[in-house]
Amino acid sequence: MGLLAGLGHAEAPQSTLRPLVGRIFVHTLDPASFLRLPEPGGPSAAAPAARVTYHAHLQGYPDLPRWLRYTQRGPRQPGFLYGAATPEDRGRQVIEVVAYNRDSFETTRQRLVLLIGDPEGPLLPYQAEFLVQSHDVEEVLPSTPASRFVTALGALWEPGELQLLNITSALDRGGRVPLPIEGRKEGVYIKVGSALPFSTCLKTVASPDSHARCAQGQAPLLPCYDALAPHFRIAWCNVSLVDLSVPEPAEKQPTPGDGVLEHDPFFCPPTEATARDFLTDALVTLLVPLLVALLVALLLAYIMCCRREGRLKRDLATSDIQMVHHRTIHGNTEELRQMAASREVPRPLSTLPMFNVRTGEQRPPRVDSAQVPLILDQR
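Because the structure is a prediction, the values reported are computed rather than measured.

Trainee: What am I meant to see in the overall build of the protein here?
Mentor: Counting its secondary structure elements, the protein contains eight helices and eleven strands. Looking at the protein as a whole, 28% of its 379 residues are labelled buried. Pairs at least 24 apart in sequence give 69% of the contacts found in the protein among residues at least 6 apart. Summing over all exposed atoms, the protein offers an accessible surface of approximately 27,800 Å²; the carbon and sulfur share of this is 57%.

What follows is the structure, given as structure tokens:
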């Protein structure tokens, strides 16, 4: 970017070009038109060609316009600016091209003024696109291979009315880079237009029967002689025909309505809603559950409070013998508890605590446990 800013102070040479809408535009970036190369008769004439690369962008923007592409196979080969302008691209566009000499580090800038206008002559409503598998895009961009392709296609179509519309690399259409094998090419799409209808041969190639054979892996229907072979190897399964002679019907714009649905026998809403009193519905919705809950509460209260048997009824229902037996057991238990509480027998030494938890008093045992024999018969 700093290099480009420094070049902006120098006055760059300018060229004016006139691309046409819907027609292929090809401009060759030749090192001789940018850099000062040695003269053919000079001392350096036997030296190999200089290695030159280019950078092109729309003035005021970092990239090219969307309809224009740039390609260059190698530094020792020329570069190409190519593409087909659309009706939205009419007007004036300025392309800035910077050439870099990779040997002498010399840099030159050039401006291309593109005045894009409409083409003259009849319209070309019949358009056909072919996939050429035997060429790369830079091999078809020069005028000689392109005119040779149009001439060879004239044997399948009317030769006097054919014109090149667009050239696109197969890589730009989602193609894959081929393996580094001799004879493998990337492929290029060539679109040709004419004012005359398609020939019978092209219609047969693009027919549904031919596409069905291609889907099954068979060769497509080609009733005529392949005049493009052997210079151009065409993928006949990828031929597409576009007929613009019949204009497409304009889409019907929706008209805003009044917001009322049209008459439908399956949907007939009432036109007027009658007035209703919802007081009865509200009372039924609220009072019926409350009344049921109140009845359930009263039933549970009667069962729990009014249906209790009581102690007296229980005693009356028990036999006298069972009651006497129960009272006797209860009385004897109480008497035993009283007798146990009033006895004066001293407690065993093993049960006497050495330390009273409540009073904190510590008292020695009454008998010296060390002098007591373990077995009483040893005395």
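Trainee: Which parts of the structure should I look at to understand the pattern of salt bridges?
Mentor: Any two side chains of opposite charge can pair, given that their charged atoms come close. This structure, assessed with the given rule, holds ten salt bridges. Note that Asp103 is salt-bridged to Arg51, the shortest N-O span being 3.1 Å. Taken together, the residues Asp103 in the loop between β6 (91-101) and β7 (107-116) and Arg51 in the loop between β2 (24-29) and β3 (52-58) connect sequence positions 52 residues apart. Exposure remark for Asp103: the relative accessible area of 41% places this residue in the partly exposed category. Within this structure, Arg73, Asp136, Glu138 and Glu186 form a network of salt bridges that share partners.

Trainee: Explain the sheet that holds strand β4 (residues 68-71) to me, please; I cannot follow it from the model alone.
Mentor: Across a sheet, paired strands are connected by hydrogen bonds in the backbone, their directions being either parallel or antiparallel. If you trace the three strands from one edge of the open sheet to the other, you get β2-β5-β4, paired in antiparallel fashion. Edge positions in the open sheet fall to β2 and β4, since each of these has one partner strand only. Neighbour-to-neighbour, the strand axes of the sheet open up by a mean angle of 20 degrees, direction not taken into account. Where β4 and strand β5 (residues 79-84) come together, four bridges link them in antiparallel fashion. Note on β5: the bridge partner recorded for Arg69 is Tyr82.

Trainee: What exactly am I supposed to notice about the sheet that holds β6 here?
Mentor: A sheet is described by the order of its strands in space; here four strands give the open sequence β1-β7-β6-β3, paired in mixed fashion. Looking at which strands have only one partner, the edges of the open sheet turn out to be β1 (14-17) and β3. Between one strand axis and the next, the sheet turns through 25 degrees on average, direction left out of account. In the sheet, β1 pairs with β7 via four bridges, with the strands oriented parallel. Each residue of the ladder has a partner; that of Ser15, found in β7, is Leu112.

Trainee: Would you mind going over the layout of surface pockets with me for this structure?
Mentor: It is the rolling of a water-molecule-sized probe over the atoms that shows where space remains empty. Its boundaries defined by the atoms lining it, the largest pocket holds a volume of some 550 Å³. As for the largest pocket, its lining consists of 25 residues, and the residues nearest its centre are Val21, Gly22, Arg23, Gln127 and Leu165. Looking at the lining of the largest pocket, the elements with two or more residues in it are β5 and β9 (163-169). It is β9 that provides the largest number of residues to the lining of the largest pocket, a total of three residues. Residues that form the lining of the largest pocket fall into these classes: twelve nonpolar, seven polar and six charged.

Trainee: Looking at this model, I keep getting lost on the pairing of β2. Mind explaining?
Mentor: Of the two faces of β2, only the one carrying Phe25, His27 and Leu29 is buried; Ile24, Val26 and Thr28 on the other face are not. Pairing analysis gives six bridges linking β2 to β5, with the strands arranged antiparallel. Note that in β5 the partner of Val26 across the bridge is Tyr82.

Trainee: Can you help me understand a nonpolar patch on the surface in this one?
Mentor: Residues Val284, Val288, Val292, Val296, Leu299, Leu300, Tyr302, Ile303 and Met304 make up a contiguous nonpolar surface patch of roughly 860 Å² in combined accessible area. With respect to the secondary-structure elements, Ile303 resides in helix α6 (residues 279-306). Given a relative accessible area of 46%, Ile303 falls into the partly exposed group.

Trainee: Mind showing me how you'd approach the nonpolar core here?
Mentor: Among soluble globular proteins, nonpolar side chains are generally buried collectively. Core analysis: the biggest nonpolar cluster contains 31 residues, and Phe130, Phe149 and Leu153 have the highest contact counts within it. Among the elements of the structure, β5, β8 (126-132), α2 (137-140), α3 (143-153), β9, β10 (188-194) and α4 (200-205) are those that each provide at least two residues to this core. Ranked by the residues each element gives to this core, the list is headed by α3, at five residues. Look past the residues within four positions of Phe149 in its chain and what remains in contact with it is Phe130, Val132, Ile190, Val192, Leu228, Phe232 and Ile234. One finds Leu29, Trp67, Val97 and Ile116 within the second-largest nonpolar core, a separate group that totals 20 residues.

Reading the values: the criteria
Residues numbered from 1 in each chain as written. Predicted model: local features only at pLDDT ≥ 70, side-chain atom pairs only at ≥ 80, totals over all residues. Heavy atoms only, no water. Helix = DSSP H or I, 4+ residues; strand = E, 2+ residues; numbered from the N terminus. Buried < 20%, exposed > 50% of the residue type's maximum accessible area, 1.4 Å probe, protein only. Contact = heavy atoms within 4.5 Å. Areas by Shrake-Rupley, 256 points an atom, 1.4 Å probe, with all protein chains shown as cover. Salt bridge = Lys/Arg side-chain N within 4 Å of Asp/Glu carboxyl O. Pairing = 2+ DSSP bridges. Axes fitted to C-alpha atoms, helices over the stretch in contact; angles between N-to-C directions. 1 Å grid on protein atoms, 1.4 Å probe; cavity = no way out; pocket = protein on both sides within 12 Å on 5 of 7 lines; lining within 4 Å. Points joined across faces, edges and corners; volume = space filled by probe spheres on them. Nonpolar A, V, L, I, M, F, W, Y, C, P; charged D, E, K, R; others polar. Patch = residues over 30% accessible without salt bridge, like charges linked within 9 Å, V, L, I, M, F, W, Y side chains within 5 Å. Core = buried A, V, L, I, M, F, W, Y, C linked by side-chain atoms within 4.5 Å.

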